[in-house]
Amino acid sequence: MAAWTANDIPDQSGRTAVVTGANSGIGYVTARELARRGARVLLACRSEERGRAAVDRLLGEVPGAHAEFAPLDLGDLASVRRFADAYDSARLDLLINNAGVMALPHRRTADGFETQFGVNHLGHFALTGLLLPRLLETPGARVVTVSSGLHALGNIDIGDLNSERNYRRWLAYGRSKTANLLFVHELARRLAATGADTVAAAAHPGYASTNLQSAGPRMMGRRGTERFMALGNRFVAQPATAGALPTLYAATAPGVRPDSFTGPGPLGFRGAPTRSWRATWTLNDVAGERLWAASEGLTGVRYDVLKG
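Residues numbered from 1 in each chain as written. Predicted model: local features only at pLDDT ≥ 70, side-chain atom pairs only at ≥ 80, totals over all residues. Heavy atoms only, no water.

Visitor: Quick one: what's the story with the nonpolar core, residue by residue and with numbers?
Guide: Most often, soluble globular proteins keep nonpolar side chains buried together rather than apart. Val-18, Phe-83, Leu-95, Leu-127, Leu-131, Leu-187 and Tyr-303 are the most contacted members of the largest nonpolar core, which has 45 residues in total. Listing elements by their share of this core, those giving two or more residues are strand 2 (40-45), helix 3 (77-86), helix 4 (115-137), helix 5 (169-193), strand 6 (199-203) and helix 10 (285-299). The leading source of residues in this core is helix 4, at 9 residues. Apart from residues lying up to four places away in sequence, Val-18 is in contact with Leu-42, Ala-44, Phe-83, Tyr-87, Leu-92, Leu-94, Leu-95 and Ile-96. Judged by nonpolar contacts, the second largest core, of 39 residues, contains Val-29, Ala-35, Ala-39 and Ala-65. (Core = buried A, V, L, I, M, F, W, Y, C linked by side-chain atoms within 4.5 Å. Buried < 20%, exposed > 50% of the residue type's maximum accessible area, 1.4 Å probe, protein only. Helix = DSSP H or I, 4+ residues; strand = E, 2+ residues; numbered from the N terminus. Contact = heavy atoms within 4.5 Å.)

This is how it looks when you write it as structure tokens:
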């Protein structure tokens, strides 16, 4: 894994990938590099304007690429269902659950969920479940979910998944990223139990310069904090091109293990992709099962295909 770069991505010709939140940041870089290696890539984005602009940019940077925009709002389960219903490919090799929000003031999704939990976890849980039949029918398919080293901020509270009792924006973010890792853990376990060769893995970008850091302060009108985040992005963070490498590694490198967690090394902030530390609570089978059951109940999406 040492010094792995985008140049090491194997040929992706004939493969199809869906990348959520691909209009900017590590999602855009992930989509672009997969397309550069020959994959047909669907950039699944909430904003049609930004999504189509990202496709135009990608085609300008990678002439001849197979890239398309597809509307997807992970904060609206009806939109998630429309995306899955409209998916027209006979195969799905890579599902990259990349989109996310971070440390926002308290908001709710269209379905009434706390926004960070609803977008970061529930939207991707529903999307993966609805697309799972295509993934299972595609030999060697992978689901890569982007978490964060900040999952260490907190374990999930199964009795208060929507932060009804006490909302703290950074704690809610950490819990949503823990939910991502528990989802991958339980999905990998269920895939193995049914003998499927689909790989569920996780990745995180470390400290990467993207729009994610400034959204929360901007929504709260905290210009000083927004400027501070911009300085961190400029002088401390690694660029999005580097932040996307753990995701690209988990999606394409040979021998990626189910339930693995890839991040930048050696300290988890920047550097080449490597095996990443994760909190022990993200490997808890009971917590994974309980979160899974709650997620099925909240989204109405059931993974019956994994029940044999």
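Visitor: Explain the environment of Phe-125 to me, and be specific about the residues and the numbers.
Guide: When you line up the elements, Phe-125 lands in helix 4. The class of Phe-125 is buried, set by a relative accessible area of 0%.

Visitor: Describe the sheet that holds strand 2, with residues and values.
Guide: To summarise the sheet geometry, strands pair through backbone hydrogen bonds and adopt either a parallel or an antiparallel arrangement. Taken in spatial order, the 8 strands of this open sheet run 3-2-1-4-5-6-7-8, and their pairing is mixed. Here the strands that pair on one side only, and so sit at the sheet edges, are strand 3 (66-71) and strand 8 (273-275). Here the average twist between neighbouring strands, direction ignored, is 25°. Relative to strand 2, strand 1 (residues 16-20) is paired through 5 bridges, and the arrangement is parallel. Across the sheet, the residue bridging to Ala-17 is Val-41, located in strand 2. Here helix 4 sits on the sheet in contact with strand 1, strand 4 (94-97) and strand 5 (142-146), set at roughly 175° to strand 4. (Pairing = 2+ DSSP bridges. Axes fitted to C-alpha atoms, helices over the stretch in contact; angles between N-to-C directions.)

Visitor: Kindly report on the packing of helix 1 (residues 25-36) against helix 9 (residues 245-252), identifying the contributing residues and their values.
Guide: Between helix 1 and helix 9, whose axes approach to 9 Å, the crossing angle comes to 45°. Here helix 9 runs oblique to helix 1, going by the angle between their axes. For the pair helix 1 and helix 9, the crossing hand works out as right-handed. Contacts between helix 1 and helix 9 involve Thr-30, Glu-33 and Leu-34 from the first element and Thr-247, Leu-248 and Thr-252 from the second. Residue composition of the contact of helix 1 with helix 9, grouped by class: 2 nonpolar, 3 polar and 1 charged. (Parallel < 35°, antiparallel > 145°, perpendicular 65-115°, else oblique. Left-handed = near helix turned anticlockwise from the far one by under 90°. Nonpolar A, V, L, I, M, F, W, Y, C, P; charged D, E, K, R; others polar.)

Visitor: Which residues make up the pattern of salt bridges, and what are the values?
Guide: The final tally for this structure, using the stated rule, is 17 salt bridges. Linking Arg-32 and Glu-61 is a salt bridge whose minimum nitrogen-to-oxygen distance equals 3.3 Å. You can see Arg-32 sitting in helix 1 and its partner Glu-61 sitting in helix 2 (residues 48-61), a full 29 residues away along the chain. Assessed through its relative accessible area of 34%, Glu-61 is described here as partly exposed. Here Glu-186 and Arg-189 are joined by a salt bridge, their closest N and O atoms 2.6 Å apart. Of this pair, Glu-186 and Arg-189 both sit in helix 5, 3 residues apart, roughly one helical turn. On the basis of relative accessible area, Glu-186 is assigned to the buried category, the value being 0%. For Arg-189, a relative accessible area of 34% gives the class partly exposed. Within the structure, one salt-bridge network assembled from shared partners comprises Arg-32, Glu-33, Arg-36, Arg-57 and Glu-61. (Salt bridge = Lys/Arg side-chain N within 4 Å of Asp/Glu carboxyl O.)

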